[in-house]
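If you want the building blocks of each chain, they are given just below.
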Amino acid sequence: MLFVSFDFLLFIVPVLLISWGLSHVPVMRVLFLIAASYFFYMAGPETDPLQPPWYFVGLLALSTVLDYVCSRQIWQQRAAFDSKDPRTKASAARVRNFWLGVSLVGNLGLLGYFKYTNFFLGVFSDVAHALGMSVVVPHLELLLPIGISFYTFQTLSYTIDVWRGRLTPEPSFRKFALFVVFFPQLVAGPIVRAHEFLPQLHRPPRLSAETMTRGMYRVMIGVAKKAILGDWIASQFTDAVFNAPENYTSLEILLSLYAFTLQLYADFSGYTDIAIGVALMLGFVLPENFERPYQAKNLGEFWRRWHMTLSTWLRDYVFFPLGGSKGSPGRVYFNLWLTMFLVGMWHGASWNFILYSNIHALAMVFNRWNRLRKRGTGTAKTRAMWVTGMLLLFGAVYGLSTAVLQLGQPESLGLAGFAVLMFLIVARLPETGTAWNTALHVLLTFHFTVLSRVFFRADDLDTSRKMIAGLLRFDTHGIREGLITPAVWTVLLFGIGYHLLTPKGLVDRETYAVFRRLPGPLIGLLLAALGLAVHLLLSSGPRANIYFQF
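Structure report, in brief. Because the structure is predicted, anything quoted here is derived from the model rather than measured. (Residues numbered from 1 in each chain as written. Predicted model: local features only at pLDDT ≥ 70, side-chain atom pairs only at ≥ 80, totals over all residues. Heavy atoms only, no water.)

1. Side note on the packing of helix α2 (residues 26–42) against helix α7 (residues 173–181)
Moving on, step 1. With their axes 9 Å apart at the nearest point, α2 and α7 run at an angle of 35° to one another. Considering how the two elements wind past one another, α2 and α7 form a crossing that is left-handed. Contact residues: Val27, Val30, Leu31, Leu33, Ile34, Ser37 and Tyr38 in α2; Arg174, Lys175, Ala177, Leu178 and Val181 in α7. (Axes fitted to C-alpha atoms, helices over the stretch in contact; angles between N-to-C directions. Helix = DSSP H or I, 4+ residues; strand = E, 2+ residues; numbered from the N terminus. Left-handed = near helix turned anticlockwise from the far one by under 90°. Contact = heavy atoms within 4.5 Å.)

Below, the structure is given as structure tokens:
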């Protein structure tokens, strides 16, 4: 079911009423919310990407049972694992590791099968043909279960925390089941940890005007983001350019990347706002997932502000177990690269995401190196190393451009030269200093994000190649008259300016202070006006959230 739809309005009103009506009967309230969550998962219109059949809900139930059982089996070995007898401890460790392995194989196996099978079959076919082998590789008609990347990581973190001894397993299966399937964050996050959600089920819910008002405010902000800054911008401009980039000028292609950068943020953060708001109105607090990411001064800060629950999940369950920042510099850089590569590949299985993942992973490695390196004039040896590094970077980007993206020589040379220039600017720019210095860091980070989104949005490598080639033509045709209406210009400039320039805490605090003082009838009129605007702007119907496909 889609948040920005009339169906959801018909769903959430009775859910709120019944849920609070059962607030003094906690067992029934939990069971009702589980049933409502399963219904939410199964219901909904046909969308693009196509919604999987209703019986895929069995995968959700399977993950719930799997991690509940595995965590209980691991916990039952705690006394033996703490034993001073080496044999008893070793035996308990084997049992614990076995059940952890069952959870990992079961969850990641399902995720890998549905999300990555066709990609790896395609890679095998490409490699075989490159070696001169004639093979016929099947293409499986697999539909990706909505939300599988989110609830898989959520349940895995629970079992891993129990295995680490950081979490006592929840004895109530129904409360654990609600933790897994709670509908506001089920299909597109935030990725919630057990220690954040389960304690709330052990406290009586408290209905207050303040939480309902705050929840309603977040929902309205989320709907406006998703429908206007996200879906409407896409339907009016972005989709057309990405569908046929060869028909657009260099400046129009660049503008479409700005538009998609806004669209993606508005789509995902808008969904998160609605999820947090609905949860608040149900009496639950979910973690924040965004903190003005386009105001980040470097890429490391960007990933601490964007999809924060995924970034911290991979930090805690991949980066730290690999050794984190401990060990030799080479080892630390490998840990960082692998973690960020997995961040990118979590989003999808394609050659586009291979490139997107490596671009961000290698940029994160550079970001760490640039932050820790000794600055100064350097010796002749240091300058020679810089020159060598620039030549290697130029050659790598040029080779990638010609061999993988199949760009022409002028475009490949231009892209390689641009990469070297940006490297030198960021490397020579002081990390701290004046407000102008900070603004330049923010603009550079923002534009790195904008340009790398070519691979995130394009349907395939061929579309990415056409987009990049169009950018590198540097034609002088500008933006053709009538392509972008004044309304689209207004929304686009407002959206990018708002998220680039305004401080989140101050703006949210001040706008909410005004909202909470509004009389109820006026809030009702605002809701009606927002609903009418959504209906008029999205006449073709609601769009699935972009992150549904991940």
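2. Section: the side chain of Arg96
Moving on, step 1. Residue position: Arg96 is located in helix α5 (residues 86–130).
Moving on, step 2. Of the polar contacts made by the side chain of Arg96, one reaches the backbone oxygen of Trp163; its length is 2.4 Å. (Polar contact = N/O pair within 3.5 Å; in protein donor to acceptor, adjacent residues only side chain to side chain.)

3. Re the environment of Phe366
Moving on, step 1. Among the structural elements, Phe366 can be located in helix α14 (residues 351–372).
Moving on, step 2. The exposure class of Phe366 is buried, given its relative accessible area of 18%.
Moving on, step 3. In this structure the C-alpha to C-alpha distance between Phe366 and Gly300, which are 66 residues apart in sequence, comes to 10.0 Å.
Moving on, step 4. Once residues within four sequence positions are removed from consideration, Phe366 is found in contact with Phe423, Val426 and Ala427. (Buried < 20%, exposed > 50% of the residue type's maximum accessible area, 1.4 Å probe, protein only.)

4. Quick notes on the side chain of Lys226
Moving on, step 1. Mapped onto the elements, Lys226 comes out in helix α9 (residues 209–243).
Moving on, step 2. You can call Lys226 buried: its relative accessible area is 2%.
Moving on, step 3. In contact with Lys226, other than residues within four places in its own chain, are Val4, Asp231, Ala266, Asp267, Arg543, Ala544 and Asn545.

5. Concerning helix α12 (residues 308–322)
Moving on, step 1. The terminal C-alpha atoms of α12, which comprises 15 residues, lie 20 Å apart, in line with the 21 Å expected from a rise of 1.5 Å per residue.
Moving on, step 2. Where α12 bends most, at Arg315, the angle is about 40°.
Moving on, step 3. When α12 is considered as a whole, its buried residues turn out to be Met308, Thr309, Leu310, Ser311, Trp313, Leu314, Asp316, Tyr317, Val318 and Phe319.
Moving on, step 4. Those residues of α12 that are buried lie in contact with α6 (148–164), α11 (299–305) and α13 (329–346).
Moving on, step 5. Positive phi appears at Gly323, one or two residues downstream of α12, with a value of about 125°. (Expected span 1.5 Å × (residues − 1). Bend = angle between axes of the 7 residues up to and from the residue.)

6. Some thoughts on the nonpolar core
Moving on, step 1. With 147 residues, the main nonpolar core has Trp306 and Tyr547 as its most contacted residues.
Moving on, step 2. Here the element with the most residues in this core is helix α10 (residues 250–281); it accounts for 19 residues.
Moving on, step 3. If near-sequence neighbours (up to four positions away) are discounted, Trp306 is found in contact with Leu264, Tyr265, Phe268, Asn289, Phe290, Pro293, Tyr294, Ser311, Arg453 and Tyr547.
Moving on, step 4. Among the nonpolar cores identified, the runner-up in size contains five residues, and Phe366, Met390, Val420 and Ala427 belong to it. (Core = buried A, V, L, I, M, F, W, Y, C linked by side-chain atoms within 4.5 Å.)

7. Details of the pattern of salt bridges
When the charged atoms of two side chains lie near each other, side chains of opposite charge can form a pair.
Moving on, step 1. Within this structure, the stated rule accounts for 18 salt bridges.
Moving on, step 2. In this structure, the salt-bridge partner of Glu246 is Lys466, at a minimum N-O distance of 4.0 Å. Taken together, the residues span a long stretch of sequence, with Glu246 in the loop between α9 and α10 and Lys466 in helix α18 (residues 461–473) at a distance of 220 residues.
Moving on, step 3. For Glu246, a relative accessible area of 46% corresponds to the partly exposed category.
Moving on, step 4. Members of the salt-bridge network, linked through shared partners, are Arg218, Lys225, Asp273 and Glu288. (Salt bridge = Lys/Arg side-chain N within 4 Å of Asp/Glu carboxyl O.)

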